[in-house]
Amino acid sequence: HEKGLPRPEFCFDLAPRVPGVIAADVCRLPLHNYCLRSVMFDPPFLIKTGPGAKLKERFGSQIGTMRDLWAFYYRAMFEIKRVLEPGGWLVFKCQDGVLSGRNNFTHCEIYDMAACLGFKPVDLFILLAKHRMTDPTHKVQKHARKFHSYFWVFQKRRK
């Protein structure tokens with residue numbers, strides 16, 4: 001498996017593209033309560049992709065607003081909390097972005113959601129992109145380009 005890590009016992013995706021991945025919605029996981037010690041959540045971070053966009057080919061298309069995407073993240077974390085045992089770990093990969101000329105600090109929103117749900121923030125890793133995807137149609141840059149992802153590490157609080 002990648003980087004010498006063992007393959008997880010369960011791999012879920014809404015639309016699996018590789019063998020061994022189970023089709024499932026993260027908001028309704030086919031698992032019992034408190035059955036996992038850790039979850040790595042790598043959700044989509046794009047909400048709009050135009051016709052012929054390279055990002056759509058790679059990541060699929062998403063429809064909605066940032067608020068819709070953040071609401072999905074909240075529902076997903078709520079469900080992940082259900083399946084995690086007390087003291088269990090959630091690693092949440094996310095990326096900030098600019099949409100319609102507005103910065104969206106998604107990593108801050110995720111922190112707030114996790115705290116609201118009773119997760120304890122333990123660490124935050126920043127991974128720089130090896131390849132930088134830019135849109136050649138953007139002529140004027142108004143915000144810093146985002147060439148990194150965040151990996152939040154949260155622990156489900158014990159009761």
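Within any chain, residue numbers begin from 1 and follow the written order of that chain's sequence. With pLDDT at 70 or above as the cut-off, local features in this predicted model cover only qualifying residues; side-chain atom pairs require 80 or more to be listed or tallied, and sums for whole chains, interfaces and linings still use all residues. Hydrogens and water are ignored here; the side-chain numbers use all heavy atoms of the structure.

**A look at the overall build of the protein**
Put simply, the rule reads: By the criteria applied, helices consist of DSSP H or I runs no shorter than four residues and strands consist of E runs no shorter than two, each listed in order from the N terminus. Using a 1.4 Å probe on the protein chains alone, a residue whose accessible area is under 20% of its type maximum counts as buried, one over 50% counts as exposed, and one in between counts as partly exposed. A 1.4 Å probe and the Shrake-Rupley method give the accessible areas. Residues count as covered only by the protein chains that appear here.
Scanning the protein from terminus to terminus reveals three helices and eight strands. Along the protein, from the amino end to the carboxyl end, the secondary structure elements read β-β-β-α-α-β-β-β-α-β-β. Relative to its full complement of 159 residues, the protein shows a buried share of 31%. On the protein, roughly 11,000 Å² of surface is accessible, and the fraction owed to carbon and sulfur atoms is 56%.

**With respect to the nonpolar core**
In plain terms, the rule: Here the nonpolar core consists of buried residues drawn from Ala, Val, Leu, Ile, Met, Phe, Trp, Tyr and Cys, with membership extended through side-chain atoms lying within 4.5 Å.
Core analysis: the biggest nonpolar cluster contains 28 residues, and Phe41, Tyr73, Met77, Leu90, Phe92, Ile110 and Phe154 have the highest contact counts within it. Of all the secondary structure elements, the ones that give two or more residues to this core are strand E3 (36-41), helix H2 (66-83), strand E4 (84-94), helix H3 (106-116) and strand E8 (148-156).

**Some words on unusual backbone geometry**
Located in the positive-phi region is Tyr34, a residue other than glycine, with phi close to 55°. Inspection of the secondary structure puts Tyr34 in the loop between strand E2 (22-23) and E3. Judged by relative accessible area, Tyr34 falls into the partly exposed class, the value being 47%.

**Some remarks on a nonpolar patch on the surface**
Keep this limit in mind: Patch rule: a residue counts if its relative accessible area is over 30% and it has no salt bridge; like charges are joined within 9 Å, and nonpolar side chains (Val, Leu, Ile, Met, Phe, Trp, Tyr) within 5 Å. The term salt bridge refers to a pairing of a side-chain nitrogen on Lys or Arg with a carboxyl oxygen on Asp or Glu at a separation within 4 Å.
Judged by side-chain polarity, Leu124, Ile126 and Leu128 come together as a nonpolar surface patch covering roughly 290 Å² of accessible area. Residue position: Leu128 is located in strand E7 (residues 119-128).

**Description of the layout of surface pockets**
Picture a little ball the size of a water molecule; that probe, rolled over the atoms, points out where space is still empty. Rules: Grid spacing is 1 Å over the protein atoms alone, the probe is 1.4 Å, and a cavity is where that probe fits but cannot get out, while a pocket is an open set with protein on both sides within 12 Å along at least five of seven lines and lining residues have an atom within 4 Å of a point. Grid points are joined across faces, edges and corners, and a volume is the space filled by probe spheres set on the points. Note on residue classes: Ala, Val, Leu, Ile, Met, Phe, Trp, Tyr, Cys and Pro are nonpolar, Asp, Glu, Lys and Arg are charged, and everything else, Gly too, is polar.
What the second largest pocket holds in volume is close to 190 Å³. Lining the second largest pocket, in full, are Tyr34, Phe78, Lys81, Arg82, Leu117, Gly118, Lys156, Arg157, Arg158 and Lys159. It is H2 that provides the largest number of residues to the lining of the second largest pocket, a total of three residues. Among the residues forming the lining of the second largest pocket, the class breakdown is three nonpolar, one polar and six charged.

**Some points on the environment of Trp70**
Note the cut-off: The contact rule is simple, with two residues in contact once any of their heavy atoms fall within 4.5 Å. For this analysis, a polar contact is any N or O atom pair within 3.5 Å, provided that within protein one partner can donate a hydrogen and the other can accept it, and provided that sequence-adjacent residues contribute only side-chain to side-chain pairs.
With respect to the helices and strands, the residue Trp70 is situated in helix H2. Leaving out residues up to four positions away in the same chain, Trp70 has contacts with Asn104, Thr106, Glu109 and Met113. One polar contact links Trp70 to Thr106, side chain to side chain, over a distance of 3.1 Å.

**Structural notes on the packing of H2 against H3**
Each pair of packed helices gets described by two things: the angle between the helix axes and the distance between those axes. To be explicit about the condition: Throughout, an axis means a line fitted to C-alpha atoms (over the contacting stretch in the case of helices), and angles, computed between N-to-C directions, take values from 0 to 180 degrees. In this scheme, a crossing is called left-handed if the near helix is turned counterclockwise away from the far one by less than a right angle; it is called right-handed if the turn is clockwise.
Close contact between H2 and H3 brings their axes to 10 Å; oriented N to C, the two are set at 35°. The crossing of H2 and H3 is right-handed. Where H2 abuts H3, its residues Met66, Arg67, Trp70, Tyr73, Tyr74 and Met77 lie against Thr106, Glu109, Ile110, Met113, Ala114 and Cys116. When its residues are assigned to classes, the contact of H2 with H3 shows nine nonpolar, one polar and two charged.

**Quick notes on the side chain of Lys156**
The topology assignment puts Lys156 in strand E8. In terms of polar contacts, Lys156 uses its side chain to reach the backbone carbonyl oxygen of Lys81, at 2.8 Å. If sequence neighbours within four positions are ignored, Lys156 has contacts with Tyr34, Lys81, Arg82, Leu84, Glu85, Pro86, Gly87, Gly88 and Phe119.

**Some points on the packing of aromatic side chains**
So the rule is basically this: Aromatic rings from Phe, Tyr and Trp, with only the six-membered ring used for Trp, were paired whenever their centres fell within 6.5 Å, and each pair was classed as stacked if the ring planes differed by under 30 degrees, edge-to-face if by over 60, and tilted otherwise.
Counting across every chain of the model gives eight aromatic pairs. Pairing Trp152 with Phe154 gives two aromatic rings, centres 5.3 Å apart and planes at 20°, and the pair type is stacked. This pair shows no difference in class: Trp152 is buried, exactly as Phe154 is. A connected cluster of aromatic rings, assembled from ring pairs, spans Phe41, Phe72, Tyr73 and Phe92.

Read these as geometric descriptors, not functional statements.
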